[in-house]
Amino acid sequence: MIMHKLVLSRTFWFGIGLLLLVFFFFPATALAEGTEEYCLSCHGNPELTLTMESGETLSLYISPEMLEQSIHAAKGITCNACHAEIQTYPHPKLEYGTKRDLSRAYYLACQSCHSVNYDKTMDSMHAQVAEAGNLAAPICTDCHGTHDIKSPNHPRSLVSTTCGKCHTEIYDQYATSVHGGALIQEDNPDVPVCTDCHGVHNIQDPRLESFLIASPELCANCHADQELMAKYGLNADVYNLYKLSWHGVDVTVYKARWPTIWHESALCIDCHGVHDILKTDDPASSVNPANLLATCQKCHPNAGPNWTGAWTGHNEISRERTPFVYYTNLFYTSFTPVVLWISAIYVLLQIIRATVERGRRALR
Amino acid sequence: MSIPESLKSVENDQAAVLRVFHRFSLGQRWEHTIIIISTLALFLTGLPQKYRTATWSQHLLSTPERLNFIQQVHHIFAVLLTLEVAYHLFKGLYLLSRRRLSSAIFPDWQDISDAWQMLRYLLFLTKEKPRFRKYNFEQKITYWFLFFGIGIMVISGFIIWFPIAVTSFLPGGIIPAAKLAHSTEAIVAAIFVLIWHIYHVHLERLNLSIFTGWLNERDMREYHALEYERLTGENAESQSTGGSQ
């Protein structure tokens, strides 16, 4: 069996003795109701630790202030809601070799109340990674905390900094992007945090074709919103115009018919970047006119300097911006319809005249 | 040409044996056939590509391989049509250099006045139909509409087929313009052929001269009176049937 060694300070032996006395007068069932006060009488001691089999030192200290501020405490949810297996003192022996094993066992308690979100995590990328043997993959408590659980998105930037605890490189990119910068510096309520694009509990592998092909719609959630874009002076037609473009039509078809087949057509993120999206007028932006050719060349390696002129942008046809398309469109919206109508009317007149002529001949 | 006695009675019942007039050379008839086959194939393989977001198109192009296949077929017929256009132009230039290019198909002021008189006829303002030469103004409109239409399709088609090569010497803005033109001109040309050409060669009268190479005397007299008179030296209005002469 695993041996656990309680390392307690000398002064605390006195406290334990006292507790035993108190315990004598309290029935064991009192614990089941769970009183923080009761547990904290031991676990309120900052020096209470436990050495695990792995040699790790596990602090058993629960800060009463921290516990007080947690969202559970405010709702009257106490220790034994999660630590349901502990009914008595002395506690049953812990059977976990490492801190991680302990966490991975204890977090299962979350599902007794939060079953919907818990079930979602079972479909997540994180659960798949854990199943493949990576025990560092996050569990509920890694993101939400344990005894200090608070609302996960107050402030909103907390969501992204939480993800950034592990995804440091991506967080650093995000923090300098137009979205991340506004979130972190201004606490902007509109810019996306990680979970707005990646989902919350059922986070999927963003490298999968099925995720990528749907990604323009993620952008469109905000960038096609007239009201929201007007607030920032941005054009809310970009998504609809993209869908009409060569790239956009291809993506629409692949999404509708072949969502799992890899395709080559550019998504929003292929040109604008993913976590490092910048304003288009930022000199470092991948779609800034100065950098646009290099961005096109990622897929069209032989494209020359004229090539970027082929990109009509996310803009309506205009004489100033796209004169070739403008005049072509003008030709087909004014001249050709007139020609076709004249042809049709002429043929109709011929039919009428020929019918009358035939009728006359028959009557003759 | 003499007619056997046995046929003379038939002639009197207005089922006359008619003279035929040479109208199109074998080369021209082949050109027309190649244009029909290639433009029809291009139209049928182009339409699902134009309307890729439509459900019916996605049923046809149900896999990426099918899309790829239909594009290959489109390109093969595009090359065929391009070769035909090149042959047509070079033949025209060759004939021009030898001063043998017929002016019959080129529009002139006579066509304007013919069109005006035809309009008056159609509006019951006159009983006289205009008298036409080898090609009437309707046929010239057909030829030149499709001449420029196919020209637009071929040029815009190659621009969007080889956009990178094209932008190495032309501005990039012509790529989306070519895409718009290719996509729209196809429909415009199809509508035009359907209402204009099909009416004139199938419904107004069945005119198969572009396939057979010849036109019968009755049609020559009625639709190409001036050409008939130029060829025969006879009056097209004369009631005597050509067969007996």
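Residues numbered from 1 in each chain as written. Chains lettered and ligands numbered in written order. Predicted model: local features only at pLDDT ≥ 70, side-chain atom pairs only at ≥ 80, totals over all residues.

**Some thoughts on the overall build of chain A**
Part 1 of the reasoning: Per the secondary structure count, chain A includes 21 helices and three strands.
Part 2 of the reasoning: Along the three orthogonal principal directions, the C-alpha set of chain A runs to about 130 × 55 × 40 Å.
Part 3 of the reasoning: Burial status across chain A gives 15% buried among its 364 residues.
Part 4 of the reasoning: Taking all contacts inside chain A whose residues are at least 6 apart in sequence as the whole, residues at least 24 apart take part in 54%. (Helix = DSSP H or I, 4+ residues; strand = E, 2+ residues; numbered from the N terminus. Buried ≥ 20, exposed ≤ 12 C-beta atoms within 10 Å, placed from the backbone. Contact = placed C-beta atoms within 7 Å.)

**Observations regarding the overall build of chain B**
Part 1 of the reasoning: Counting secondary structure elements, chain B contains eleven helices and two strands.
Part 2 of the reasoning: For chain B, the N- to C-terminal ordering of α and β elements is α-β-α-α-α-α-α-α-α-α-β-α-α.
Part 3 of the reasoning: Here chain B holds 245 residues, and 24% of them are scored as buried.
Part 4 of the reasoning: For chain B, restricting intrachain contacts to residue pairs at least 6 apart in sequence, the fraction spanning at least 24 positions comes to 69%.

**Overview of the environment of Lys 279 of chain A**
All names here are of chain A.
Part 1 of the reasoning: Note on placement: Lys 279 falls in the loop between helix 19 (268–272) and helix 20 (289–297).
Part 2 of the reasoning: By the C-beta count within 10 Å, which is 15 here, Lys 279 ends up partly exposed.
Part 3 of the reasoning: In the structure, Lys 279 is positioned 147 residues away from Ala 132 in sequence and 39 Å away in space, judged by C-alpha atoms.
Part 4 of the reasoning: Contact partners of Lys 279, with chain neighbours within four places excluded, come to Val 178 and Ser 285.

**Remarks on the interface of chain A and chain B**
Part 1 of the reasoning: Taken together, the contact pairs 33 residues of chain A with 28 residues of chain B.
Part 2 of the reasoning: The biggest single contributor to the side of chain A that touches chain B is helix 21 (residues 323–363) of chain A, with 15 residues.
Part 3 of the reasoning: Here the side of chain A that touches chain B is built from residues that sort into 17 nonpolar, 14 polar and two charged. (Nonpolar A, V, L, I, M, F, W, Y, C, P; charged D, E, K, R; others polar.)

**Quick word on the nonpolar core**
Part 1 of the reasoning: By size, the foremost hydrophobic cluster in this structure holds 27 residues, and its most contacted members are Leu 81, Ile 159, Ile 174, Ile 175, Ala 177, Ala 178 and Ala 181 of chain B.
Part 2 of the reasoning: For this core, the elements supplying multiple residues, two or more each, are helix 21 of chain A together with helix 4 (64–97), helix 6 (137–161) and helix 8 (174–203) of chain B.
Part 3 of the reasoning: In terms of residues, this core owes the most to one element, helix 8 of chain B, which gives ten residues.
Part 4 of the reasoning: Each residue touching Ile 175 of chain B, except ones within four places of it in the same chain, is listed here: Ala 310 of chain A together with Ile 159, Ile 160, Pro 163 and Thr 167 of chain B. (Core = buried A, V, L, I, M, F, W, Y, C linked by C-beta atoms within 7 Å.)

**Some details on helix 21 of chain A**
Residue and element names in this part refer to chain A.
Part 1 of the reasoning: The end-to-end C-alpha distance of helix 21, which contains 41 residues, comes to 59 Å, matching closely the 60 Å that a straight helix rising 1.5 Å per residue would cover.
Part 2 of the reasoning: Along helix 21, the helix axis deviates most sharply at Thr 336, where the bend reaches about 30°; the proline Pro 337 sits within four residues downstream.
Part 3 of the reasoning: Among the residues making up helix 21, those that are buried are Phe 324, Val 325, Thr 328 and Ser 343. (Expected span 1.5 Å × (residues − 1). Bend = angle between axes of the 7 residues up to and from the residue.)

**Quick look at the packing of helix 15 (residues 209–223) of chain A against helix 18 (residues 246–257) of chain A**
All names here are of chain A.
Part 1 of the reasoning: It is the contact of helix 15 with helix 18, at a shortest axis distance of 9 Å, that shows an interaxial angle of 120°. One way to sum up the angle between helix 15 and helix 18 is to call them oblique. For the element pair helix 15 and helix 18, the recorded crossing hand is left-handed. Of the residues in helix 18, those in contact with Ile 213, Ala 214 and Pro 216 of helix 15 are Val 251, Tyr 254 and Lys 255.
Part 2 of the reasoning: Split into classes, the residues belonging to the contact of helix 15 with helix 18 amount to five nonpolar, no polar and one charged. (Axes fitted to C-alpha atoms, helices over the stretch in contact; angles between N-to-C directions. Parallel < 35°, antiparallel > 145°, perpendicular 65-115°, else oblique. Left-handed = near helix turned anticlockwise from the far one by under 90°.)

**A few points about unusual backbone geometry**
Residues and elements named next belong to chain A.
Part 1 of the reasoning: Of note, the amide linkage connecting His 154 to Pro 155 takes the cis form, showing an omega dihedral of -5°.
Part 2 of the reasoning: For Pro 155, the position within the fold is in the loop between helix 10 (140–144) and helix 11 (157–164).
Part 3 of the reasoning: A positive phi angle, near 50°, is found at Asp 187, a position not held by glycine.
Part 4 of the reasoning: Among the residues examined, Asp 187 registers 11 C-beta atoms within 10 Å and is labelled exposed.

**Section: the environment of Ala 78 of chain B**
Residue and element names in this part refer to chain B.
Part 1 of the reasoning: The residue Ala 78 is located in helix 4 in this model.
Part 2 of the reasoning: Note: C-alpha distance between Ala 78 and Gly 157 (79 residues apart in sequence) is 8.2 Å.
Part 3 of the reasoning: If we skip the residues at most four places from it in the chain, Ala 78 touches Leu 42 and Gly 157.

**Points about the packing of helix 11 of chain A against helix 12 (residues 168–176) of chain A**
To characterise two packed helices, one gives the angle between the axes of the helices and the distance between these axes.
Part 1 of the reasoning: Packing of helix 11 of chain A against helix 12 of chain A leaves a shortest axis separation of 8 Å and a crossing angle of 145°. Of helix 12 of chain A, the residues touching helix 11 of chain A (which contributes Ser 160, Cys 163 and Gly 164 of chain A) are Thr 168, Tyr 171 and Tyr 174 of chain A.

**Comments concerning the confidence of the model for chain B**
Residue and element names in this part refer to chain B.
Part 1 of the reasoning: Scored by pLDDT, chain B has a mean of 89; 90% of the residues are at 70 or more.
Part 2 of the reasoning: Ignoring residues within four places in sequence, the model shows residues 241–245, a span with pLDDT below 50, making 13 contacts including any to other chains.
Part 3 of the reasoning: Listed scores for the predicted complex are pTM 0.80 and ipTM 0.88. (pLDDT = per-residue confidence, 0-100.)

**Some remarks on the confidence of the model for chain A**
Part 1 of the reasoning: Taken residue by residue, chain A gives an average pLDDT of 87. The fraction at 70 or more is 90%.
Part 2 of the reasoning: With pLDDT under 50 throughout, residues 1–6 of chain A is counted as low confidence; its partners more than four residues away or in other chains account for eight contacts.

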